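Given next are the chains, with one letter for each unit.
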Amino acid sequence: MPIRSILAGCGGYLPERIVTNEELSRTVDTSDAWIQERTGIRQRHFAAKHETTAFMGTAAAAAALADAGATAADVDAIILATSTPDQAFPASALRVQAALGVKQGFGFDLSAACAGFIYALSVADGLIRAGQVRGALVIGSEVYSRILNWQDRGTCVLFGDGAGAVFLRAATAADDDRRGVLSTHIHAQGTLGDILYVDGAVGQPDKPGHLVMHGREVFRHAVTRLAEAVEEALAANGLRHTDIDWLVPHQANSRIIEAMGRKLGLPADRVVVTVDRHANTSAASVPLALAEARGDGRIKPGDLVLLEALGGGLAWGSALVRL
Ligand code: COA
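Described in the following lines is the structure provided in the data block.

Rules and cut-offs
- Residues numbered from 1 in each chain as written.
- Predicted model: local features only at pLDDT ≥ 70, side-chain atom pairs only at ≥ 80, totals over all residues.
- Heavy atoms only, no water.
- Phe/Tyr/Trp six-rings, centres within 6.5 Å; stacked < 30°, edge-to-face > 60°.
- Helix = DSSP H or I, 4+ residues; strand = E, 2+ residues; numbered from the N terminus.
- Buried < 20%, exposed > 50% of the residue type's maximum accessible area, 1.4 Å probe, protein only.
- Lys NZ or Arg CZ within 6 Å of the ring centre and 35° of its normal.
- Expected span 1.5 Å × (residues − 1).
- Contact = heavy atoms within 4.5 Å.
- Pairing = 2+ DSSP bridges.
- Near = heavy atom within 4 Å.
- Polar contact = N/O pair within 3.5 Å; in protein donor to acceptor, adjacent residues only side chain to side chain.
- 1 Å grid on protein atoms, 1.4 Å probe; cavity = no way out; pocket = protein on both sides within 12 Å on 5 of 7 lines; lining within 4 Å.
- Sits in = over half its atoms within 2 Å of the grid points.
- Nonpolar A, V, L, I, M, F, W, Y, C, P; charged D, E, K, R; others polar.
- Domains from an automatic or database assignment.

A word on the packing of aromatic side chains. Overall, the coordinates contain four aromatic pairs when judged by the stated rule. Ring centres 5.8 Å apart and planes at 80 degrees place the aromatic pair Phe 46 and Trp 150 in the edge-to-face group. Here the residue Phe 46 occupies a position in strand 3 (residues 43-46), and Trp 150 occupies one in the loop between strand 6 (135-143) and helix 6 (153-156), the gap between them amounting to 104 residues. Exposure remark for Trp 150: the relative accessible area of 35% places this residue in the partly exposed category. Plain terms: the ring middles of Phe 106 and Phe 108 are 6.5 Å apart, the flat faces sit at 0 degrees to each other, and that makes the pair stacked. Here the basic side chain of Arg 270 rests over the ring of Trp 246, its NZ or CZ set 4.6 Å away from the ring centre.

Structure below.
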């Protein structure tokens, strides 16, 4: 039987500081009513100085390892998806490796904006299927509060900070052979790079880098592309909408999430929603939502879970996983 990867554990970390819409509206020309009506967001977490991408990623990864009953000795690879690394190098993944006491293997950061976690999961699954590694931490960790333009009310109200992680391991003979990562599909369209981007980077002189978004266009592409990605995942596995137990979507906007749920014919209580409390945490949003719904017992072993995300690039993708 070919090697498969099992999603063995999940974890998340949210910064201590919660910022409500009401608090934001004291410094930004906005209102709780506008934000809630257009996005479903009620609050977000903002990182303190010490809550860096590596710090939060380490906390989420440690929780994922504990949930899986695994230790640092089981980790052969660390893939950390982020658009807000602490340093140009070393990779934040390697700061996590050091902090966790992982002495072997390798790690790297992966940049695919809000689709970063799905991309990282796809790469880690491929490494396990190829027999190159047996255990991989897949992390999404972001501090978007450090790249927001506080003069742009159309974007600065939408994002939050946080980290989520999963531990993937190669299946053994003892595992139920229906379990595991059934498929991943990742896509990109670089010609749409200018509808959602950061206008600077470490390598650019005099450009601190702020997020810029043409929200309506992104919205339009998100609904179309994500619907395609979901159909692609189901078709690749010979499955139907009714086979899905849970949708764990990227948490950008409750209207996009509801549209996806409707397209799949899933009742609202089968769609995991955290955008109201976390806002959009980019690469961290899907693993944070997964960790929450696993942690509170909603998602159970054996459930079929569909993950999807889209973000700057444009980059998007899906993963179908039986827990
Ligand atoms: N508070 C109050 N008013 C605001 C506002 C805010 N925070 N942000 C924008 N507005 C105003 C605009 O100035 C505009 O006013 P006007 O009509 O007087 O010019 C009005 O609200 C409508 O703005 P618009 O940008 O057209 O709103 P929208 O209905 O497209 O909603 C988004 C904006 C961002 C919520 C929506 O486009 C969206 O969700 N896009 C997708 C975002 C996304 O998913 N991004 C991440 C992908 S990873």
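For helix 7 (residues 215-236), with 22 residues, the first-to-last C-alpha span of 31 Å sits near the 32 Å given by 1.5 Å per residue. Looking at the packing, one finds that the buried side of helix 7 touches strand 8 (180-188), strand 9 (196-198), strand 10 (211-213), helix 8 (254-264), strand 12 (304-311) and strand 13 (315-322).

Before going further, it helps to examine the pairing of strand 6. Burial within strand 6 is extensive, with nine of its nine residues counted as buried. Side chains Gly 135, Leu 137, Ile 139, Ser 141 and Val 143 of strand 6 all project onto a buried face; the interleaved residues Ala 136, Val 138, Gly 140 and Glu 142 project onto the opposite face, where all are buried too. Judged from the five bridges that link them, strand 4 (residues 77-81) and strand 6 form a sheet pairing that is parallel. Considered in strand 6, the bridge of Ala 81 is made with Gly 140. Of the pairings in the sheet, the one linking strand 6 to strand 7 (residues 161-170) comprises nine bridges and is antiparallel in character. From the neighbouring strand, Val 138 faces strand 7, where its bridge partner is Val 166.

Neighbouring the ligand are 23 residues; Thr 30, Arg 38, Arg 153, Gly 215 and Asn 253 lie closest to it. Arg 216 has a polar side-chain atom sitting 3.0 Å from an oxygen atom of the ligand. Asn 253 places a side-chain nitrogen or oxygen 2.5 Å from an oxygen atom of the ligand. Counting atoms within 2 Å of the grid points, the majority share of the ligand lands in the second largest pocket. Elements with a minimum of two residues in the shell around the ligand: helix 2 (32-39), helix 6, helix 7 and strand 12. Of all the elements, helix 7 adds the most residues to the shell around the ligand, at four residues. Its residues placed into classes, the shell around the ligand shows 11 nonpolar, eight polar and four charged. Here the shell around the ligand gathers at least three residues from each of two domains, domain 1 (5-170) and domain 2 (180-322).

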